[in-house]
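# Descriptive analysis of the structure
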Amino acid sequence: MPGLEDLYREIILDHYRNPRNRGELECPPAHRYEGFNPLCGDEIVLYLDVRDEKVVDLKIAGQGCSISQSSASMMSSAVKGKTLDEARALLRAFKAMMSIHEARLDAEDRELGANGQGADGEEAPPMGDLEALQGVVKFPVRIKCATLAWNTLAQGLDGANGSAGPS
Amino acid sequence: MAAVDHDRAAQVGAQPLDVKAIRSDFPILDVEVNGRRLVYLDSASSSQKPRQVLDAMTRYYETTHANVHRGVYAIAEEATRQFEEARAKLARLVNARSAREIVFTKNVTEAINLVAHSWGRRNLTAGDAVLLTEMEHHANLVPWLMLAEERGIELRYIRLTADGQLDLSDLDRLVDGVKLVGVTCMSNVLGTINPVAELAEAAHSAGALFLADAAQYVPHLATDIQQLGCDFLGFTGHKMLGPTGIGCLWAREDLLEEMPPFLGGGEMISDVRLDGFLPADVPWKFEAGTPPIAEAIGLGAAVDYLTGLGMDAVRRHEVELTSYALCKLAADHPDLVIYGPADPASRGGVISLALGDIHAHDLSQVLDTAGVCVRAGHHCAKPLMRHLGVTATARASFYVYNDESDVDALSEALAEARKFFG
């Protein structure tokens, strides 16, 4: 049976106690996205400032459990300064790590990228601190906590895609 | 007030429950979780089932399963007899005037949707008002919000006092001109027992009907719908030792007679032509399709079990256990916040709590490793959570199979959680 230390790794508790990129951004130029976990009432507010296909800045507000908040904090550190394509690759890699119930990682992805590679066959990006969230997979109920910030990011990336014209 | 009467009865009349004997009736309590004994403190969400209930359902399937109200053969007649006997047991439990006042539903949610859909659409039009409270479960909010969206009816709310009671100081103004008052008998988050009889009287004085959400009440207190003065009352089987998928709407027979059917289909008709249909008599006109027969029979067995213990004894046990828990938890954990009324006699065995700034989800995760099951979340009462200024709480709730050792286990596990997150 998985122990608490599998779930609550020290790095996770650190991001929970000292969240990175906490706050708000002025909208515009930034955009604001909200994510809710209807199960427990957790909420994430993501401020995303995208310029020239790049995440120039982002901030996180909202409240939730240690898993949702630390995942948001790690996501903000990992995505800040990345291009939209790099952010999307991270999003895919993170969801792959949470894979079990994330059927959205559709058949196409599986056929092309069965060996830890993304949909386009690219190398999976280095996950850094995010690896610590791997243990969440052993606690299926908490996967939604870990993916909340990332699903909110997905909304933001879709939004940025819309405003970026045809691509 | 009804709750006060019940408490007096519990103090003077009832024998203490033999919890050890009761526990031996619940097979699941022998299960180990994470190598620890199961400490089940989530009965407000769903109770466990005694062997007597499980056996009644199995016996039915093994000896007399057939569809009800149809076959003219022995086992079908026996199935129908047992199904209707379960209805009569529910009627006796709440002191209904007749079993015809008991409509089987899936749960309280469906019972209230039935009222909103059938009575509401027949009787409410734009501008009509319904009075609810800020502490309602979503089951008694969303059906009315849907009707408000569809019909333009007005929804009013009784707000809460600082200690989690209904603020009745403005009741006269709020109730003036409303068509229906809908109130939970007992908050599933705070444990607050509401003055149902007083509210029903206020509703009737204003010319309104009174609907009671008794999901947390009927399983725990002797319930007399005539004394409470309700017009509609919903309760559910799985919170009172019965199976899931079966609950009931009790309603005054004359109201049921006037209400149009809810779902259409088999079982709920007396005649069908290609250009129309004639509904069946009450209560069957509200029970379209093959009902959950084994579940109804199981619920009947649960009623027998509770009646055998005595509802006054059940209430007395829970008041005593809640008193113990409130004292023990406050003494062991000075930083623990407990929501709801402080007096055990005015509340049920439901304790919502917060420990420091540890999120409820993290708290319940740590408790789980000690085998302690509590509910974490918004408890399907988001407006109430906003009133409390929290997104989630952890909630421990008690029933007939819990005793002081379960409270002690909870307290120890809370100390573990503080150590982990402190």
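Residues numbered from 1 in each chain as written. Chains lettered and ligands numbered in written order. Predicted model: local features only at pLDDT ≥ 70, side-chain atom pairs only at ≥ 80, totals over all residues. Heavy atoms only, no water.

## Focus: the overall build of chain A
Per the secondary structure count, chain A includes 6 helices and 3 strands. Each helix (α) and strand (β) of chain A, taken in turn from the N terminus, gives the series α-α-β-β-β-α-α-α-α. Each of the 167 residues in chain A was classed as buried or not, and the buried ones make up 49%. Taking all contacts inside chain A whose residues are at least 6 apart in sequence as the whole, residues at least 24 apart take part in 68%. Counting only carbon and sulfur atoms, one obtains 51% of the accessible surface of chain A, whose full area is about 8,100 Å². (Helix = DSSP H or I, 4+ residues; strand = E, 2+ residues; numbered from the N terminus. Buried < 20%, exposed > 50% of the residue type's maximum accessible area, 1.4 Å probe, protein only. Contact = heavy atoms within 4.5 Å. Areas by Shrake-Rupley, 256 points an atom, 1.4 Å probe, with all protein chains shown as cover.)

## What about the pairing of strand β8 (residues 209-213) of chain B?
Residue and element names in this part refer to chain B. Within β8, 5 of the 5 residues are buried, which leaves the element mostly enclosed by the surrounding structure. For the handedness criterion, the β-α-β arrangement of strand β7 (residues 178-184), helix α8 (residues 196-205) and β8 is classed as right-handed. Pairing of β8 with strand β9 (residues 232-236), which is carried by 3 bridges, proceeds in the parallel orientation. Looking at β9, one finds that Leu211 is bridged to Phe232. (Right-handed = clockwise from strand over helix to strand, strands pointing away. Pairing = 2+ DSSP bridges.)

## Brief notes about the packing of aromatic side chains
Residue and element names in this part refer to chain B. Counted according to the given criterion, the structure contains 10 aromatic pairs over all chains. Ring geometry for Tyr399 and Tyr401: centres 5.9 Å apart, planes at 70°, overall edge-to-face. For Tyr399, a relative accessible area of 0% corresponds to the buried category. When its relative accessible area of 0% is taken as the criterion, Tyr401 is described as buried. Three or more aromatic residues joined by ring pairs form one cluster here, namely Phe26, Tyr305, Tyr399 and Tyr401. (Phe/Tyr/Trp six-rings, centres within 6.5 Å; stacked < 30°, edge-to-face > 60°.)

## Here we look at unusual backbone geometry
The amide bond that connects Pro28(A) to the next residue, Pro29(A), takes the cis arrangement and shows omega of 15°. Following the sequence through the fold, Pro29(A) ends up in the loop between α2 (10-17) and β1 (31-37). The omega angle of the peptide bond from Val282(B) to Pro283(B) is 0°, so this bond is cis rather than trans. Along the chain, Pro283(B) falls in the loop between β12 (276-279) and α11 (293-309). In this model, Asp52(A) sits at a positive phi of 50°, which is unusual for a non-glycine residue. The residue Asp52(A) is located in the loop between β2 (42-51) and β3 (54-63) in this model. What makes Asp52(A) exposed here is its relative accessible area of 77%.

## Here's the deal with the domain arrangement of chain B
Residues and elements named next belong to chain B. Partitioning chain B into domains gives domain 1 (2-46 + 312-421) and domain 2 (53-307). Computed from C-alpha atoms alone, the centre-to-centre distance between domain 1 and domain 2 is 27 Å. Contacts between domain 1 and domain 2 engage 40 residues on the former and 34 residues on the latter. Both faces combined, the contact of domain 1 with domain 2 buries some 2,900 Å², and carbon together with sulfur accounts for 58% of it. Inspection of the region where domain 1 meets domain 2 yields 16 residue pairs in polar contact (both at pLDDT 80 or more). Contributing elements (two or more residues each) for the side of domain 1 that touches domain 2: α1 (2-12), α12 (311-332), β14 (350-355) and α14 (382-388). Among the elements that take part in the side of domain 1 that touches domain 2, α14 stands out by supplying 6 residues, more than any other. In terms of residue class, the side of domain 1 that touches domain 2 is made up of 20 nonpolar, 12 polar and 8 charged. (Domains from an automatic or database assignment. Buried area = accessible area lost by both parts, 1.4 Å probe. Polar contact = N/O pair within 3.5 Å; in protein donor to acceptor, adjacent residues only side chain to side chain. Nonpolar A, V, L, I, M, F, W, Y, C, P; charged D, E, K, R; others polar.)

## A closer look at the packing of helix α3 (residues 51-63) of chain B against α11(B)
All names here are of chain B. Contact pair α3 / α11: the axes reach a minimum separation of 8 Å and the direction vectors enclose 145°. Once α3 is placed against α11, the crossing between them reads as right-handed. Counted together, Gln52, Val53, Ala56, Met57, Tyr60 and Tyr61 of α3 and Ile293, Ala294, Glu295, Ile297, Gly298, Ala301, Ala302 and Tyr305 of α11 form the full contact between these two elements. Residue classes in the contact of α3 with α11 are distributed as 11 nonpolar, 2 polar and 1 charged. (Axes fitted to C-alpha atoms, helices over the stretch in contact; angles between N-to-C directions. Left-handed = near helix turned anticlockwise from the far one by under 90°.)

## Observations regarding the confidence of the model for chain B
Looking at chain B as a whole, its pLDDT mean stands at 94, while 97% of the residues score no less than 70. Of the regions scoring below 50 in pLDDT, residues 1-6 of chain B engages in 14 contacts with residues more than four places distant in sequence or in other chains. (pLDDT = per-residue confidence, 0-100.)

## Some thoughts on the environment of Ile193(B)
Among the structural elements, Ile193(B) can be located in the loop between β7 and α8. By relative accessible area, which is 8% here, Ile193(B) ends up buried.

## Topic: the sheet that holds strand β17 (residues 393-397) of chain B
All names here are of chain B. Read from one edge of the open sheet, 4 strands run β13-β14-β17-β16, paired in antiparallel fashion. The open sheet has two free edges, formed respectively by β13 (336-338) and β16 (375-377), since each of these has just one partner strand. Each strand axis lies, on average, 30° off the axis of its neighbour in the sheet, ignoring direction. Along the sheet, α12 contacts β13 and β14; its crossing angle with β14, the most-contacted strand, is approximately 10°.

## Brief notes about the nonpolar core
Core analysis: the largest hydrophobic core is formed by 86 residues, its most contacted members being Val181(B), Phe210(B), Leu233(B), Phe235(B), Met240(B), Leu241(B) and Tyr401(B). By residue number, the principal contributor to this core is α11(B), which donates 10 residues. A domain split of this core shows at least three residues from each of domain 1 (2-46 + 312-421) and domain 2 (53-307) of chain B. The contacts of Tyr401(B), once residues within four sequence positions are left out, are Val19(B), Ile22(B), Arg23(B), Phe26(B), Leu29(B), Tyr40(B), Ser43(B), Ser47(B), Gln48(B), Leu241(B) and Asp406(B). Judged by nonpolar contacts, the second largest core, of 73 residues, contains Leu4(A), Ile44(A), Ala154(A) and Ala370(B). (Core = buried A, V, L, I, M, F, W, Y, C linked by side-chain atoms within 4.5 Å.)

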